[in-house]
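# Architecture at a glance
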Amino acid sequence: MSSAVELRITALPDFPHVAAGDDLAAMTADALSRGALQLHADDVLVFAQKVVSKAEGRRIDLATVTPGARALELAQTVQKDPRLVELVLRESRRIVRAAKDVLIVEHRLGLIMANAGIDQSNVADPASGEFALLLPEDPDASAAGLRERLFQIESMQQAEATR
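Residues numbered from 1 in each chain as written. Predicted model: local features only at pLDDT ≥ 70, side-chain atom pairs only at ≥ 80, totals over all residues. Heavy atoms only, no water.

## Considering the packing of helix H3 (residues 69-78) against helix H4 (residues 82-90)
As a reminder of what qualifies: Lines fitted to C-alpha atoms define the axes, with helix axes restricted to the stretch in contact, and inter-axis angles between N-to-C directions lie between 0 and 180 degrees. Per the convention used, a helix needs a DSSP run of H or I reaching at least four residues, while a strand needs a run of E reaching at least two, with both numbered from the N terminus. Angle categories: roughly parallel below 35 degrees, roughly antiparallel above 145, roughly perpendicular from 65 to 115, and oblique for all the rest. Left-handed describes a crossing in which the near helix is turned anticlockwise from the far one by less than a right angle; the clockwise case is right-handed. We call two residues contacting when some pair of their heavy atoms lies within 4.5 Å.
At a minimum axis separation of 8 Å, H3 and H4 run at an interaxial angle of 115°. Between H3 and H4, the crossing angle belongs to the class labelled roughly perpendicular. In terms of crossing hand, the pair formed by H3 and H4 is right-handed. Of the residues in H4, those in contact with Arg70, Ala71, Leu72, Leu74, Ala75 and Val78 of H3 are Pro82, Val85, Glu86 and Leu89.

What follows is the structure, given as structure tokens:
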């Protein structure tokens, strides 16, 4: 007879907006503290890709992107911004499907997805232009780094508590 397993999902309270260079682990530790929450060995933290990408500085100003000939041609087919198409091509191994309003690619990480996972929602700055957010460079390394940094913070907090 197996014992029951509980699954609980808890959103971290008052999590701030994340910008390039922010210490996502420290922000997470602070949010855990605000919520009087403590991590346990079998806990799983889930971060939206967008938060990790922002912290890692993967936001690209479209004004800095110069589309090449291939992007210009493909942009006409898919009817998308040629600068966005250029970024999609840079992040992709191959095009899987291209049609009006559709650009499906194999991302350099091996994932098949629309627009190479590039996100333009909630990343624009009305005062300074249009932006796009790329996926993290190495999601596995990002996760490992977050985990390691959270352990460091937890160790420091425990050391301070015993003083």
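## Quick word on the nonpolar core
Considering soluble globular proteins, one finds that nonpolar side chains tend to be buried as a cluster. The following threshold applies: Nonpolar core, defined: a set of buried Ala, Val, Leu, Ile, Met, Phe, Trp, Tyr and Cys residues in which side-chain atoms within 4.5 Å join the residues together. Throughout this description, buried means an accessible area under 20% of the type-specific maximum (1.4 Å probe, protein chains only), exposed means over 50%, and partly exposed covers the range between.
One finds Leu74, Val85, Leu87, Val88, Leu103 and Ile118 to be the most contacted residues of the largest nonpolar core, which totals 17 residues. Secondary structure elements with two or more residues in this core: H3, H4 and strand S3 (102-107). The biggest single contributor to this core is H4, with five residues. Sequence-distant contacts of leucine 103, that is, excluding residues within four places in its chain, are made with Leu74, Val78, Lys80, Val85, Val88, Ile95, Arg97, Ala98, Met113, Ala114 and Asn115.

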